[in-house]
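# Coordinates in review
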Amino acid sequence: MEGRKAFGWAARDTSGILSPFSFNLRETGAEDVMLNVLYCGVDHTDLHQMRNEIHSTNYPLVPGHEIVGEVVELGPEVKKFRVGDLVGVGCIVGSCGECSPCQSNMEQYCPNIIPTINGTNKDGSFTRGGFSSAMVVHQRFVVRIPENLAPDQAAPLLCAGVTAYSPLKQFMGSNRVLRAGILGLGGVGHLGVIIAKAMGHHVTVISSSDKKRQEALDILGADAFLVSSNAAEMEGAANSLDYILDTVPAFHPLGSYLSLLTVDGKLIVVAAVPKPLQFDAVDIILGKKAITGSFIGSMEETQEILEFWAEKGLKSFIEVVRMDYVNKAFERMERNDVRFRFVLDVAGSNLE
Ligand SMILES: [Zn+2]
Ligand SMILES: [Zn+2]
């Protein structure tokens, strides 16, 4: 059947360079949704997978896990979507459905998740991400894009946004103004600032240099900016933060950040770091501080962040580019030369 062919861009080897690639889509099963991809976010994890830096990449690899598309076909048992609906797909497209995390709506912690890229579907085929014309995804892993949310705006929320929202949700609705720290100002960090502000928190951005001060304060609306290499500034802010969202994907000793936390404060790690993180026991004993982690978010939370965004009229900062620019976009992302996230206009690109 002619309609089952999809066109995407794929990495062929560890150079990670993307080029056109066509493949067959699997059949739309009883509980599957087929969508035509409109937009897809560009993330560091894509790049690591493209270069085989995480774990054995199956080439050709079609990246992309912040996908917004339009429903074009439905399996007979899908009741919650209609053809023409705008929908989103994030980092995972399958899980076992039976383990305790799956049963309690925390499918991201299922030991058998099927990742959107470089995973294996239940029928044995490889998963292909959103740098492609179309996808077939089980309905459990498809969310609805709210009507008053622009589809390109929605894309970064599906991985970066929910990665920040899921751990911050526990602080929502506090009866006092919480003091938040956001460490790192990339894709996740910038959305973390916006989400924490929208929750009414007092937000301090912590960065290794002064370079992002103006972006943090003037563009993202943070309340304060702290340079981590400035000992006097760090000392002045000691014991002042209720939590820190740590989004830095590179090695950094935690001691100086833990000193910023107040009694009972939490440091939440959301970025994988290639080396063990470091801290002294007294850094957490004195002040009853906690170091904790969080991995993306559940499908329920993915739906929630989209609605939260639409309801509050929030805006992510994106640069929309076409597929023929994608290799350049990754190059610039690596240099931190994007404010703050690239989104591919997949439907507006020539993929062949
Ligand atoms: Zn499971
Ligand atoms: Zn991601």
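Values in this document were obtained by computation on a predicted structure and should not be read as measured data. The residue count restarts for each chain, going from 1 along the sequence in the order it is written. As a convention, the first chain written is A and the first ligand written is 1, with the rest following in written order. Local features in this predicted model are restricted to residues whose pLDDT is 70 or higher, and side-chain atom pairs enter the listing and the counts only when it is 80 or higher, whereas totals over whole chains, interfaces and linings include all residues. Excluding hydrogens and water, the side-chain figures rest on all heavy atoms present in the structure.

A few words on unusual backbone geometry. Of note, the bond from Tyr-59 into Pro-60 is cis; its omega dihedral lies within 30 degrees of zero at -10°. Helix and strand definitions follow DSSP, with helices as H or I runs of at least four residues and strands as E runs of at least two, each counted in order from the N terminus. Here Pro-60 is to be found in the loop between α1 (44-50) and β4 (67-74). Here the residue pair Arg-339 and Phe-340 is connected by a cis peptide bond, since its omega of -5° sits within 30 degrees of zero. By the secondary structure assignment, Phe-340 is in the loop between α11 (326-334) and β17 (341-345). In this structure, Asn-239 takes a positive phi of about 55° despite not being glycine. Its location among the elements puts Asn-239 in the loop between α7 (231-236) and β13 (241-246). Any residue under 20% of the maximum accessible area for its type is buried, any over 50% is exposed, and the rest in between are partly exposed; the area is computed with a 1.4 Å probe on protein chains only. Judged by its relative accessible area of 52%, Asn-239 falls in the exposed class.

Moving on, we come to the nonpolar core. Within this scheme, the nonpolar core is defined by two criteria: the residues are buried Ala, Val, Leu, Ile, Met, Phe, Trp, Tyr or Cys, and they are joined through side-chain atoms within 4.5 Å. Ranked by internal contacts, the top residues of the largest apolar core, which has 98 residues, are Leu-35, Phe-131, Ile-195, Trp-309 and Phe-330. Where each domain starts and ends follows an automatic or database-derived domain assignment. Counting the residues that make up this core, at least three belong to each of domain 1 (2-159 + 297-345) and domain 2 (163-293). Contacts are assigned to residue pairs with any non-hydrogen atoms lying within 4.5 Å of each other. Beyond its immediate sequence surroundings of up to four residues, Ile-195 is in contact with Gly-161, Ala-164, Tyr-165, Leu-168, Ile-305, Phe-308 and Trp-309. Leu-183, Ile-206, Leu-260 and Leu-261 belong to the second largest nonpolar core, which has 14 residues in total.

A large share of helix α4 (residues 160-168) lies buried, amounting to nine of its nine residues. All buried positions along α4 are accounted for by Ala-160, Gly-161, Val-162, Thr-163, Ala-164, Tyr-165, Ser-166, Pro-167 and Leu-168.

What follows concerns the coordination of the zinc ion (ligand 1). Donor atoms from the polypeptide that bind the zinc ion (ligand 1) are Cys-96 (SG), Cys-99 (SG), Cys-102 (SG) and Cys-110 (SG), placed at 2.3 to 2.4 Å. Every donor counted, the four donor atoms about the zinc ion (ligand 1) form angles of 105 to 119° at the centre, which fits tetrahedral coordination. Every donor residue of the zinc ion (ligand 1) comes from the same chain, spaced as C-x2-C-x2-C-x7-C. Linking Cys-96 in the loop between β6 (92-94) and α2 (100-103) with Cys-110 in the loop between α2 and β7 (114-115), this pair joins segments that are 14 residues apart in sequence. On the basis of relative accessible area, Cys-96 is assigned to the partly exposed category, the value being 27%. Metal sites are built from N, O and S donor atoms within 2.8 Å, or 3.2 Å for Na, K and Ca, and they leave out water, so they may look incomplete. In short, tetrahedral needs four donors with all angles between 85 and 135 degrees, square planar needs four and octahedral six donors with opposite donors over 155 degrees apart and all other angles between 65 and 115, and whatever is left is irregular.

Relative to the elements of secondary structure, Asp-246 occurs in strand β13. With no salt bridge to any partner, buried Asp-246 finds its closest opposite charge in Lys-212, at an N-O distance of 13 Å. Within the structure, Asp-246 has its side chain in polar contact with the backbone nitrogen of Val-248 (distance 3.1 Å). The contact partners of Asp-246, leaving out residues within four places of it in the chain, are Leu-183, His-252, Leu-254, Leu-267, Ile-268, Val-269, Val-270 and Ala-271. Residues scored as charged are limited to Lys and Arg (positive) and Asp and Glu (negative), so that His and the chain ends carry no count. What makes a salt bridge here is a side-chain nitrogen of Lys or Arg within 4 Å of a carboxyl oxygen of Asp or Glu, nothing more. Counted as a polar contact is a pair of N or O atoms within 3.5 Å, where, for protein atoms, one must be capable of donating a hydrogen and the other of accepting one, and residues adjacent in sequence contribute only when both atoms are in side chains.

This paragraph deals with the packing of α4 against helix α5 (residues 187-198). α5 packs onto α4 with a crossing angle of 50° between their chain directions and a minimal axis gap of 8 Å. Comparing their axes, α5 and α4 come out oblique. Remark: the crossing between α4 and α5 carries right-handed chirality. Taken together, the residues of α5 that come into contact with α4 (itself represented by Ala-160, Gly-161, Thr-163, Ala-164, Tyr-165 and Leu-168) are Gly-187, Val-188, Leu-191, Gly-192, Ile-195 and Ala-196. In terms of residue class, the contact of α4 with α5 is made up of eight nonpolar, four polar and no charged. Fitted lines through C-alpha atoms serve as axes, helices being fitted only where they are in contact, and the angles separating the N-to-C directions of these axes extend from 0 to 180 degrees. Any angle from 65 to 115 degrees is called roughly perpendicular, while one under 35 is roughly parallel, one over 145 is roughly antiparallel, and all others are oblique. It is the rotation of the near helix from the far one that decides the hand of a crossing: anticlockwise by less than a right angle makes it left-handed, clockwise makes it right-handed. Residue polarity follows a fixed list, in which Ala, Val, Leu, Ile, Met, Phe, Trp, Tyr, Cys and Pro are nonpolar, Asp, Glu, Lys and Arg are charged, and the others, Gly among them, are polar.

Six octahedral donors at a metal ideally form angles of 90 or 180 degrees, and four tetrahedral donors ideally form angles of 109.5 degrees. Here the zinc ion (ligand 2) is held by Asp-43 (OD), His-65 (NE2) and Cys-159 (SG), and the distances to it run 1.9 to 2.2 Å. We note that the donor set of the zinc ion (ligand 2) lies within a single chain, spaced as D-x21-H-x93-C. One end of the pair, Asp-43, is in the loop between β3 (32-41) and α1; the other, Cys-159, is in the loop between α3 (151-154) and α4, with 116 residues separating them in the sequence.

Moving on, we come to the sheet that holds strand β11 (residues 202-207). In this analysis, strands are considered paired if DSSP registers two or more bridges between them. Taken in spatial order, the six strands line up as β12-β11-β10-β13-β14-β15 in an open sheet, and their pairing is parallel. Strands at the two margins of the open sheet, each flanked by one partner only, are β12 (224-227) and β15 (290-293). Across the sheet, the mean angle separating the axes of adjacent strands is 20° when strand polarity is ignored. Where β13 lies against strand β14 (residues 261-269), five bridges are found, and the strand directions are parallel. Bridging from a neighbouring strand, Asp-246 pairs with Val-269 of β14.

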